[in-house]
Amino acid sequence: MVALVTGGAGFIGSHLVEALLREGYSVAVLDDMSTGRRENLSGVEGRIVLHRMSVLSRDLGQVLRDVEVVFHLAAQVNVRRSVEEPAYDLKVNALGTLNLLEQGRDVERFIYASSGGAVYGEPRYLPVDEEHPTDPISPYGASKLAGEKYVQLYGYNYGLKYAILRYANVYGERQDPRGEAGVIAIFLDRLGRGLPLEVFGTGEQTRDYVYVGDVVLATLRALKQEGVFNIGTGTETSVNQLIEVIQRVTGIVPDVRYLPPRSGEVKRICLSTTRAQDVLGFRARVALQEGIARLWRTPG
Ligand SMILES: NC(=O)c1ccc[n+]([C@@H]2O[C@H](COP(=O)([O-])OP(=O)(O)OC[C@H]3O[C@@H](n4cnc5c(N)ncnc54)[C@H](O)[C@@H]3O)[C@@H](O)[C@H]2O)c1
């Protein structure tokens, strides 16, 4: 089975590539290396084909030849950048998805990485299930949702088999602390360098933190099912609680600085796990404290 992972040189994508190789897939990666890094794929060098190109390219035909399943993870993932450059964000996330779908009409299956933290907007109830209205409050949320709609459209019009996975806040090894998405990576990095932890707002805003290994597991399970699935833990954790867990794991009392809140970020979110559990048989295995302990132990 030949799988293409777009965004495969990125944080989640590189973990997925490793898992697919373990499962016996032939794996190709398409990545423009805008935030992806070659080192992320150093463990699989020589075992994958790496296409350094954009999902916006007109020449995806060559890349897609023989591909049976596409895991589409390539995206502009920075919420701040989506506010500053909404047209660029739309181009990569929505047009890029459409371009891939259009040139990949012959693929058997399409798995789309969406964002549970962005497409629902400010939740009307918690935990948020897949039937919750989608009212994004950032350009990033709007462009990821537009990508979902095109995937569904190709299912409807051309019979494409697809799964849309709305990931919660993913954390784990290889997450870039220089980015702005991964608060856990940023906090551990700053703590390691003796710097204060910066919290935007009161720290009472909540997220659903899910370990990357669990996300990869769920993504593989989605190969056998179709539909829209939240992929999270169902547990709501505030930034202040997160800091307490980090303190417990590391034994370091961090210096915490509170800064004004940022726009485009929801106050609370936590994803219902019921459908993923019932249909995919997926349940997150790694608890937050255990995940953070793994990261803290990982050198570098
Ligand atoms: N990290 C999270 O918490 C999270 C949560 C929800 C959803 N997601 C989704 O998961 C996917 C992967 O996110 P990540 O956290 O691994 O981010 P990442 O930035 O590490 O990975 C994205 C990858 O896409 C590549 N890319 C960007 N623009 C491209 C383009 N035009 N053409 C080809 N490649 C391009 C980047 O170089 C990078 O390797 C994204 O679709 C994101 O929206 C992530």
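Everything quoted here is computed from the prediction, not taken from an experiment.

Quick look at the domain arrangement of the protein
Then, in step 1: According to the domain assignment, the protein consists of domain 1 (2–170 + 211–233) and domain 2 (172–207 + 235–271 + 285–297).
Then, in step 2: In this structure, domain 1 and domain 2 have C-alpha centres spaced 24 Å apart.
Then, in step 3: With 34 residues of domain 1 in contact, the opposing surface of domain 2 contributes 24 residues.
Then, in step 4: Both sides of the domain 1 and domain 2 interface together cover about 2,600 Å² of buried area, and 52% of this is carbon and sulfur.
Then, in step 5: Its largest share of buried area at the contact with domain 2, domain 1 owes to Arg80, Leu126 and Tyr211, together 24% of the area lost on that side.
Then, in step 6: Along the contact surface separating domain 1 from domain 2 lie 1 salt bridge.
Then, in step 7: Here Glu18 makes a salt bridge to Arg174, at a shortest N to O gap of 3.3 Å.

Some points on the packing of aromatic side chains
Then, in step 1: Taken as a whole and judged by the stated rule, the model has 2 aromatic pairs.
Then, in step 2: With a centroid separation of 5.0 Å and 50° between ring planes, the pair formed by Tyr154 and Tyr158 is classed as tilted. In this pair, Tyr154 and Tyr158 both sit in helix 6 (residues 139–158), 4 residues apart, roughly one turn of the helix.
Then, in step 3: Residue placement shows Arg105 over the ring face of Tyr158; its charged tip is 4.1 Å from the ring centre.
Then, in step 4: The side chain of Arg262 reaches across the aromatic face of Phe200, ending 3.9 Å from its centre.

Side note on the nonpolar core
Then, in step 1: Counting 47 residues, the largest nonpolar core has Val17, Leu20, Val27, Phe71 and Ile231 as its most contacted members.
Then, in step 2: Sort the elements by how many residues they give to this core and helix 1 (residues 11–22) lands first, with 7 residues.
Then, in step 3: Domain assignment of the residues forming this core places at least three in each of domain 1 (2–170 + 211–233) and domain 2 (172–207 + 235–271 + 285–297).
Then, in step 4: Filtering out sequence-adjacent residues up to four positions away, Val27 remains in contact with Ala3, Val5, Val17, Leu20, Leu21, Arg47, Ile48 and Val49.
Then, in step 5: Grouped together as the second largest cluster of nonpolar side chains are 21 residues, Leu60, Leu101, Tyr112 and Val151 included.

With respect to the packing of helix 9 (residues 239–250) against helix 11 (residues 288–297)
Then, in step 1: At their nearest, the axes of helix 9 and helix 11 sit 10 Å apart, and the two run at 55° to each other. When the axis of helix 9 is compared with that of helix 11, the two are oblique. Along this stretch, helix 9 crosses helix 11, giving a crossing that reads as right-handed. Facing Leu242, Val245, Ile246, Arg248, Val249 and Thr250 of helix 9, the residues of helix 11 in contact are Leu288, Gln289, Ile292, Ala293 and Trp296.
Then, in step 2: Considered class by class, the residues forming the contact of helix 9 with helix 11 number 8 nonpolar, 2 polar and 1 charged.

Quick word on the sheet that holds strand 3 (residues 48–51)
Then, in step 1: Strands sit in the order 3-2-1-4-5-6-11 across an open sheet of 7 strands; the sheet is parallel. Each edge of the open sheet carries a strand with a single partner, namely strand 3 and strand 11 (227–231). Along the sheet, successive strands turn relative to each other by an average axial angle of 20°, direction set aside.
Then, in step 2: As defined by bridge partners, strand 6 (residues 161–167) adjoins strand 11 across 5 bridges and the pair is classed as parallel. Bridging across to strand 11, Ile164 finds its partner in Val228.
Then, in step 3: Of the strands in this sheet, strand 1 (2–6), strand 4 (69–72) and strand 5 (109–115) touch helix 4 (residues 86–103), which is tilted by about 175° from strand 5.
Then, in step 4: The sheet contacts of helix 8 (residues 212–221) involve strand 4, strand 5, strand 6 and strand 11, and relative to strand 6 the element is tilted by about 160°.

Topic: the side chain of Thr237
Then, in step 1: As for its position among the elements, Thr237 is in strand 12 (residues 237–238).
Then, in step 2: Owing to a relative accessible area of 10%, Thr237 belongs among the buried residues under this scheme.

What about helix 1?
Then, in step 1: Taking 1.5 Å per residue as the helical rise, helix 1 with its 12 residues ought to reach 16 Å, and the 18 Å between its terminal C-alpha atoms agrees with that figure.
Then, in step 2: Burial analysis of helix 1 places 10 of its 12 residues in the buried class, which makes it a mostly covered element.
Then, in step 3: When we look at burial in helix 1, the residues that qualify are Phe11, Ile12, Gly13, Ser14, His15, Leu16, Val17, Ala19, Leu20 and Leu21.
Then, in step 4: The first or second residue beyond helix 1 is Gly24, which carries a positive phi of 90°.

Remarks on the packing of helix 7 (residues 183–192) against helix 11
Then, in step 1: Packing of helix 7 against helix 11 leaves a shortest axis separation of 11 Å and a crossing angle of 45°. Relative to helix 11, helix 7 is oriented oblique. Classified by chirality, the crossing of helix 11 by helix 7 is right-handed. Seen from helix 7, the contacting residues are Ile184, Leu188, Leu191 and Gly192; seen from helix 11, they are Leu288, Ile292, Leu295 and Trp296.
Then, in step 2: For the contact of helix 7 with helix 11, a count of residues per class yields 7 nonpolar, 1 polar and no charged.

Thresholds applied
- Think of each chain on its own: its residues are numbered from 1, step by step along the sequence as written.
- The predicted origin of the model limits local features to residues at a pLDDT of at least 70 and limits the giving and counting of side-chain atom pairs to 80 or more, whereas totals for whole chains, interfaces and linings rest on all residues.
- Note that water and hydrogens are dropped before the side-chain values are worked out from all heavy atoms of the structure.
- Each domain's extent was defined by an automatic or database domain assignment.
- Residue contacts are counted whenever heavy atoms from the two residues lie within 4.5 Å of one another.
- When two components associate, each loses some accessible surface as probed by a 1.4 Å sphere; the sum of these losses over both components is called the buried area.
- Salt bridge, as used here, is a side-chain nitrogen of Lys or Arg placed within 4 Å of a carboxyl oxygen of Asp or Glu.
- We call Phe, Tyr and Trp rings a pair once their centres come within 6.5 Å, taking the six-membered ring for Trp, and we label the pair stacked below 30 degrees between planes, edge-to-face above 60, and tilted otherwise.
- Labels follow the DSSP assignment, with helices taken as runs of H or I lasting at least four residues and strands as runs of E lasting at least two, numbered in each case from the N terminus.
- Each ring is checked for a lysine NZ or an arginine CZ that lies within 6 Å of its centre and within 35 degrees of its normal; such an atom marks a charge sitting over the ring.
- In plain words, nonpolar cores are sets of buried Ala, Val, Leu, Ile, Met, Phe, Trp, Tyr and Cys residues tied together by side-chain atoms within 4.5 Å.
- Only protein chains enter the accessibility calculation, which uses a 1.4 Å probe. A residue is then buried if its area is under 20% of the maximum for its type, exposed if over 50%, and partly exposed in between.
- Here an axis means a line fitted to C-alpha atoms, over the contact stretch when the element is a helix, while the angle between two N-to-C directions is reported on a 0 to 180 degree scale.
- Working rule for angles: under 35 degrees goes down as roughly parallel, over 145 as roughly antiparallel, 65 to 115 as roughly perpendicular, anything else as oblique.
- Left-handed describes a crossing whose near helix is turned anticlockwise from the far helix through less than a right angle; right-handed describes the clockwise counterpart.
- Each residue gets one label: Ala, Val, Leu, Ile, Met, Phe, Trp, Tyr, Cys and Pro are nonpolar, Asp, Glu, Lys and Arg are charged, and the others, such as Gly, are polar.
- Paired strands, in this sense, are two strands between which DSSP finds at least two bridges.
- The span expected for a helix works out to 1.5 Å for each residue beyond the first.

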